[in-house]
Amino acid sequence: MNSIVCIKRVPDTTSATLKIDAENRKLDDGNLVFSINEADNYALEEALLLQEEFGGEITLISVGPKECDDIIRMGLAKGATRGIRITPDNLYKLDPYAIANLIAEQIKELEYDLIFTGCMANDDNFGQLGVTLAGLLNIPHISLAVKIQANEDYAIIDRELEGGLMEQFNIKFPAVITIQTGINEPRYASIFGIKRASKKEIRFVENISAQGIKVHTEKMYLPPPGDTAEIFTGNPEETAEKVYEILKTKGLI
Amino acid sequence: MRKDIFVLVEHRKGEIRDITFELLTKARNMVQTGGFVYAIVLAKNGDNFIEKLKSEAHRILCIENEKLEHFHSDYYQQVLGSIITDRKPLLTLFGQTSYTMDIAPSLAVQLDLPIVMGCIEFEIGDDKIFTINQVYGGKIHTRFSFPSKNGGIISIQPGTFTAEQGDLSAEIERITFSFEEITNKKFIQFVEAVAGEIDITQAEKIVAIGRGIKEKDNLQIIEDFAESIGAVVACSRPIVDAGWLPKERQVGSSGKTVKPKLYIALGISGDFQHLIGMRNADTIIAVNKDPNAPIFGIADYGIVDDLLKIVPALKKKIMEKCEARSA
């Protein structure tokens, strides 16, 4: 079973103070730590699990700057077969449709049963790539997969709905599956894997310009300050006292 | 010129989902003179839905078919693709839901239309549509635009707009549509999550943990603290993904929606998916190291510090006071 896994390099912004570049078009990411998008890491693991069960090859594909090679190498170290990094000249103007177009163009020449993507990227939160790709390739898709029972040419997949409910579909290959976080336990690369990865091929697609951009970024800005919490300051002892007073006043303890 | 706004009516197990009424309210407020708000009902039997939507839209388009009994993105796409092509709305609105994530992007490909998913606001300009999206965990907003000449598709975060009762009297149009049989993807069944011992939706006090807890071993500190104030422990998605707490303890769009008297959020940054599940709690107290965490935008009280320092201090304080009171 051959898989393609689309992976994205994203910054960890959970506890960082964010700045925007001078043109107000993109994040000033000089001081941020980057890694593979969380859901994509689960997607990669799902491909690796299927590879262990059915054999076959895994191709990693990433659209982004040359630093994406780091996440591709890590995927190769975990067991993927090869990588493709696409770096178009207009990288920072792409919308999900244009990104899917770039990937679809490269995928055409490959043989695959499944294409995996994460269900959503932690940076833009769109959640569009996988299902857009399925539309471009005219193959079926399941998004937000939380359980996959695969066979040679079809799979039974549970996809996540709201409120803890799931719905189950039977889908024939080739297909696109977008993976929700928590579906498996992503492995770490072994030292042996990291050594082997250095010999694996990454193909670079450069000096091209992405076509079909439909949505444009007008500007990025910090959200206007709205209502905000009353912040208690002081050492833990002092803030605890204030919280205690609140709880007592409101009859919560 | 395109003026109409289409809203896909989202329903599950016979019930229209709240997001539909939020979208219809917004559509009524946004539609320009001469344009109509359409509610698009795709169902096996649409009568019950139509009854509930009559006052909410100018027109209701209803397509009934056995194939539309359960959500199936490919059948939905076939019929939506056809009516959008025929009737040329300015915008088609979806909620940013699990159904939409399965259909809107491929529908946009089929129709060759611009699409922006997960917006919190949109504007209709002279020749462009503008959207505002929360990116980077809600810490940054981005304003996007696309030309409105050929129309477009937008999905909106649930809970962004408040649903209000409409006062329209919809014209109802039923359309027959012949579907192409889909053989490569079949709906099998709904799967309910296994019910746990604790139902967090019934809890009056909740202590919820997020990534800030760092290690599973720290859970005990939280359990002890929660017990001291008679609260149950809930969490945000990453804690369930890591397997530290069961799914039924998850608060948020893919977990439970809770409305306790007290919600203490510990080390939860507060992305959109989490906030929608707890923002109606009476009193919200947040502890987070990051002063810019979106959770502080919704909390009543906040402490900018490490939860592992605050929680033990808080527990100690509560124990002291309780002992003093009972002495």
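Residues numbered from 1 in each chain as written. Chains lettered and ligands numbered in written order. Predicted model: local features only at pLDDT ≥ 70, side-chain atom pairs only at ≥ 80, totals over all residues. Heavy atoms only, no water.

Trainee: Please clarify how the overall build of chain A should be interpreted in this entry.
Mentor: A tally of regular secondary structure across chain A gives 6 helices and 15 strands. Its C-alpha atoms give chain A principal-axis dimensions of about 65 × 45 × 40 Å. Going through the 253 residues of chain A one by one, you find that 55% of them count as buried. By sequence separation, contacts in chain A at least 24 residues apart represent 70% of the contacts at least 6 residues apart. Of the roughly 11,400 Å² of accessible surface on chain A, 48% is carried by carbon and sulfur atoms. A gap of 4 Å separates the mean positions of the 26 positive and 39 negative side-chain charges of chain A. (Helix = DSSP H or I, 4+ residues; strand = E, 2+ residues; numbered from the N terminus. Buried < 20%, exposed > 50% of the residue type's maximum accessible area, 1.4 Å probe, protein only. Contact = heavy atoms within 4.5 Å. Areas by Shrake-Rupley, 256 points an atom, 1.4 Å probe, with all protein chains shown as cover. Lys, Arg positive; Asp, Glu negative; His and termini not counted. Charge placed at Lys NZ, Arg CZ, Asp CG, Glu CD.)

Trainee: Teacher, can you tell me more about the overall build of chain B here?
Mentor: For chain B, the helix and strand inventory stands at 8 helices and 17 strands. Dimensions of chain B along its principal axes, counting C-alpha atoms only, are 75 × 45 × 35 Å. The buried share of chain B, reckoned over its 327 residues, is 60%. Excluding contacts between residues fewer than 6 apart, the proportion of contacts in chain B whose partners are at least 24 apart in sequence is 62%. Total accessible area on chain B is roughly 13,300 Å²; 46% of this is exposed by carbon and sulfur atoms. Side chains of chain B carry 39 positive and 44 negative charges; the gap between the two charge centres is 3 Å.

Trainee: Please clarify how the interface of chain B and chain A should be interpreted in this entry.
Mentor: How big an interface is tends to be expressed through the accessible area that disappears when the partners come together. Each partner contributes to the interface: chain B provides 85 residues, whereas chain A provides 80 residues. Across the interface of chain B and chain A, roughly 7,400 Å² is buried in total on both sides, 58% from carbon and sulfur atoms. Linking chain B with chain A are 11 salt bridges, by the criterion used here. Of the charged contacts in the structure, one is a salt bridge between A:Glu241 and B:Lys317, with a shortest N-O distance of 2.9 Å. Inspection of the chain B/chain A interface yields 41 residue pairs in polar contact (both at pLDDT 80 or more). The element contributing the most residues to the side of chain B that touches chain A is helix H8 (residues 307-326) of chain B, with 9 residues. When its residues are assigned to classes, the side of chain B that touches chain A shows 35 nonpolar, 24 polar and 26 charged. In this sheet, strand E12 (residues 185-192) of chain B lies alongside strand E11 (residues 165-172) of chain A in antiparallel orientation, the contact comprising 7 bridges. (Buried area = accessible area lost by both parts, 1.4 Å probe. Salt bridge = Lys/Arg side-chain N within 4 Å of Asp/Glu carboxyl O. Polar contact = N/O pair within 3.5 Å; in protein donor to acceptor, adjacent residues only side chain to side chain. Nonpolar A, V, L, I, M, F, W, Y, C, P; charged D, E, K, R; others polar. Pairing = 2+ DSSP bridges.)

Trainee: Any chance you could explain the sheet that holds strand E11 (residues 171-175) of chain B here in plain terms?
Mentor: Sheets are built from strands paired through backbone hydrogen bonds, the pairs being either parallel or antiparallel. Reading across from one edge, E14(A)-E9(B)-E8(B)-E7(B)-E10(B)-E6(B)-E1(B)-E4(B)-E5(B)-E11(B) is the order of the 10 strands in this open sheet, with mixed pairing throughout. Either end of the sheet is taken by a strand with one partner, and the two such strands are strand E14 (216-221) of chain A together with E11 of chain B. With strand direction ignored, the average angle separating the axes of adjacent strands in the sheet is 35 degrees. Sheet topology note: the strand E1 (residues 5-8) of chain B/strand E4 (residues 37-43) of chain B ladder contains 4 bridges and is parallel. Looking at E4(B), one finds that B:Leu8 is bridged to B:Ile40. Those strands touched by helix H1 (residues 18-30) of chain B are E1, E4, strand E6 (91-95), strand E7 (115-124) and strand E10 (152-156) of chain B, and its axis lies near 175 degrees from that of E1(B). (Axes fitted to C-alpha atoms, helices over the stretch in contact; angles between N-to-C directions.)

Trainee: How should I be thinking about the domain arrangement of chain B in this particular structure?
Mentor: All names here are of chain B. Partitioning chain B into structural domains gives domain 1 (5-175) and domain 2 (200-326). At the interface, 9 residues of domain 1 touch 6 residues of domain 2. Together, the buried faces of domain 1 and domain 2 total about 610 Å²; carbon and sulfur atoms form 57% of this surface. Taken together, domain 1 and domain 2 are joined by 1 salt bridge. As a salt-bridge pair, Asp290 and Lys139 come within 2.6 Å of each other at their nearest N and O atoms. Linking domain 1 with domain 2 are 2 residue pairs in polar contact (both at pLDDT 80 or more), by the criterion used here. (Domains from an automatic or database assignment.)

Trainee: What is the right way to read the nonpolar core from this model?
Mentor: Inside soluble globular proteins, nonpolar side chains tend to come together where they are buried. Residues and elements named next belong to chain B. Leu53, Leu91, Leu93 and Ile154 are the most contacted members of the largest nonpolar core, which totals 37 residues. It is H1 that contributes the most residues to this core, 6 residues altogether. Among residues more than four places away in sequence, those in contact with Leu93 are Ile5, Phe6, Val7, Leu8, Leu23, Ala27, Phe122, Ile154 and Ile156. Listed in part, the 36 residues of the second largest apolar core include Tyr38, Tyr76, Ile103 and Ile175. (Core = buried A, V, L, I, M, F, W, Y, C linked by side-chain atoms within 4.5 Å.)

Trainee: Help me out: how do you make sense of the packing of helix H5 (residues 219-229) of chain B against H8(B) in this one?
Mentor: In a pair of packed helices, the angle between the axes and the distance between the axes together describe the arrangement. Residue and element names in this part refer to chain B. Look at H5 against H8: their axes get within 10 Å of each other, and the N-to-C directions meet at 30 degrees. The handedness of the crossing between H5 and H8 is left-handed. On H8, the residues that touch Ile221, Ile222, Asp224, Phe225, Ser228 and Ile229 of H5 are Leu307, Leu308, Val311, Pro312, Leu314, Lys315, Ile318 and Met319. When its residues are assigned to classes, the contact of H5 with H8 shows 11 nonpolar, 1 polar and 2 charged. (Left-handed = near helix turned anticlockwise from the far one by under 90°.)

Trainee: Would you take a moment to explain the environment of A:Glu237 for this structure?
Mentor: Among the secondary structure elements, A:Glu237 is positioned in helix H6 (residues 236-249). Measuring from C-alpha to C-alpha, the distance between A:Glu237 and A:Ile208 comes to 59 Å, with 29 residues separating the pair along the chain. The contact partners of A:Glu237, leaving out residues within four places of it in the chain, are B:Ala313, B:Lys316 and B:Lys317.

Trainee: How should the sheet that holds strand E12 (residues 175-179) of chain A be read in this particular structure?
Mentor: As summarised here, the arrangement of the 10 strands in space is E13(A)-E7(A)-E6(A)-E1(A)-E8(A)-E12(A)-E9(A)-E10(A)-E11(A)-E12(B), forming an open sheet in which the pairing is mixed. Strands at the two margins of the open sheet, each flanked by one partner only, are strand E13 (202-206) of chain A together with E12 of chain B. Averaged over neighbouring strand pairs, the angle between their axes works out to 30 degrees when direction is ignored. Running at roughly 165 degrees to strand E7 (residues 82-87) of chain A, helix H2 (residues 69-78) of chain A makes contact with strand E6 (58-63), E7 and E13 of chain A of the sheet. Together, strand E9 (141-150), strand E10 (154-160) and E11 of chain A together with E12 of chain B form the strand contacts of helix H4 (residues 98-111) of chain B, whose direction differs from that of E9(A) by roughly 115 degrees.

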